[in-house]
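Summary of structural features
Single-letter residue listing:
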Amino acid sequence: MARATRALHTSVTLHHSPAYPGHIPLNTFENAFLTLGSALVALIDPRRGDMVAALGETTAGSTLPKLRDAMLDSPEGRRILKERPRINSKTLDIQKFKALPDGTFGREYARWLEVCNVTPDSREPVHYIDDPELAYVMQRYRETHDFYHALFALRVSALPELALKSFEFANLGFPMNALALGASIKMKAAQRERLWREFVPWGIECGGSARCLLTVYWEERWEQDLRDIKKELGVWDPPAGASIRPS
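A few points on the structure.

Each value, and the rule that gives it
Residues numbered from 1 in each chain as written. Predicted model: local features only at pLDDT ≥ 70, side-chain atom pairs only at ≥ 80, totals over all residues. Heavy atoms only, no water. Helix = DSSP H or I, 4+ residues; strand = E, 2+ residues; numbered from the N terminus. Rg over C-alpha atoms; globule rule 2.2 N^0.38 Å. Buried < 20%, exposed > 50% of the residue type's maximum accessible area, 1.4 Å probe, protein only. Contact = heavy atoms within 4.5 Å. Areas by Shrake-Rupley, 256 points an atom, 1.4 Å probe, with all protein chains shown as cover. Phe/Tyr/Trp six-rings, centres within 6.5 Å; stacked < 30°, edge-to-face > 60°. 1 Å grid on protein atoms, 1.4 Å probe; cavity = no way out; pocket = protein on both sides within 12 Å on 5 of 7 lines; lining within 4 Å. Points joined across faces, edges and corners; volume = space filled by probe spheres on them. Expected span 1.5 Å × (residues − 1). Bend = angle between axes of the 7 residues up to and from the residue.

A few points about the overall build of the protein
The helix and strand tally for the protein stands at 12 helices and zero strands. Relative to the 2.2 N^0.38 estimate, which gives 18 Å for 247 residues, the radius of gyration of the protein is 18 Å and therefore close to what a compact globule would have. Principal axes of the C-alpha set define a box for the protein whose edges measure 55 × 45 × 30 Å. Of all 247 residues assigned to the protein, the portion counted as buried reaches 49%. Within the protein, counting contacts between residues at least 6 apart in sequence, those at least 24 apart form 69% of the total. Of the roughly 12,000 Å² of accessible surface on the protein, a fraction of 57% belongs to carbon and sulfur atoms.

Quick notes on the environment of Q95
Within the fold, Q95 resides in helix α6 (residues 94-98). Judged by its relative accessible area of 55%, Q95 falls in the exposed class. Between the C-alpha atoms of Q95 and G203, which are 108 residues apart in sequence, the distance is 32 Å.

A word on the packing of aromatic side chains
Here the distance between the centres and the angle between the planes together describe a pair of aromatic rings. In the structure shown here, the tally under the stated rule is 15 aromatic pairs. Ring geometry for F105 against W222: centres 5.2 Å apart, planes inclined by 5 degrees, an arrangement best described as stacked. One end of the pair, F105, is in helix α7 (residues 105-116); the other, W222, is in the loop between α11 (189-209) and α12 (226-233), with 117 residues separating them in the sequence. Each of the two residues, F105 as well as W222, counts as buried. Relative to W222, the ring of F147 has its centre 5.6 Å away and its plane inclined at 85 degrees; by these criteria the two rings are edge-to-face. In this pair, F147 is assigned in helix α8 (residues 132-152) and W222 in the loop between α11 and α12, connecting sequence segments 75 residues apart. For F147, a relative accessible area of 0% gives the class buried. Using a relative accessible area of 12% as the deciding quantity, one classes W222 as buried.

A short note on empty space enclosed by the protein
One pass over the structure, following the stated rule, counts one cavity of 30 Å³ or more. Around the largest cavity sit I87, Y109, P120, R123, E143 and D146, which together line it.

Quick look at α8
Owing to its 3.6 residues per turn, the α-helix brings residues three or four apart onto one side. For α8, spanning 21 residues, the distance from its first C-alpha to its last is 31 Å, which sits close to the expected 30 Å at 1.5 Å a residue. In α8, a bend of some 35 degrees at T144 exceeds every other bend along the element. Along α8, 19 of the 21 residues are buried, which leaves the element largely enclosed by surrounding structure. A153 sits one or two positions beyond α8 and adopts a positive phi of about 55 degrees.

Right, dumping it as structure tokens:
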């Protein structure tokens, strides 16, 4: 699949002009080919972040314009689109976050990074979205995904990750997040039963009633108490058993 993807990259760059650095334009056939291929590889090996990212982009469809419009309808969202902040180890001061009081968003995000052994630099760049503004919306979602983990103190193993995918599908609408739930077939029976009985209903209800998380300027909220953020956004913690916090 990797060889075919490289060949596809070479092919499309010969007859399309990229709209931004890293952009790889696709025609309808190429988009369908990459969708099927990335879906197959992602199902076999969910750790293939490049294929998961490709699937998210090729299936985004009308979701990105809707999210862009939601951001434009929000004061915070409009500023995000105007300023286009990026999230990585160069733009974030993790040591500063560690000095913040317990319970603040910055402190809990730093704690989550440390406990889960994750860095802010692990997200794939966007390649297959043609419109530069919509490409940024996708990149913003990708880079704020870990903030959602920290918001709910969710681990990065299969059960909490799929629980969060159900929340993101209800809140943001990406088809990829619903498709990701198909990976539950690889879980142990007891975990899979609990996912669908407890965590998916939480994700659908909580995500569906919450404010669109892409309209949140997270970088301005490091010192804000997580309890206040949750109350403002209209979210609540998932069922027990998926948190980095002791039960």
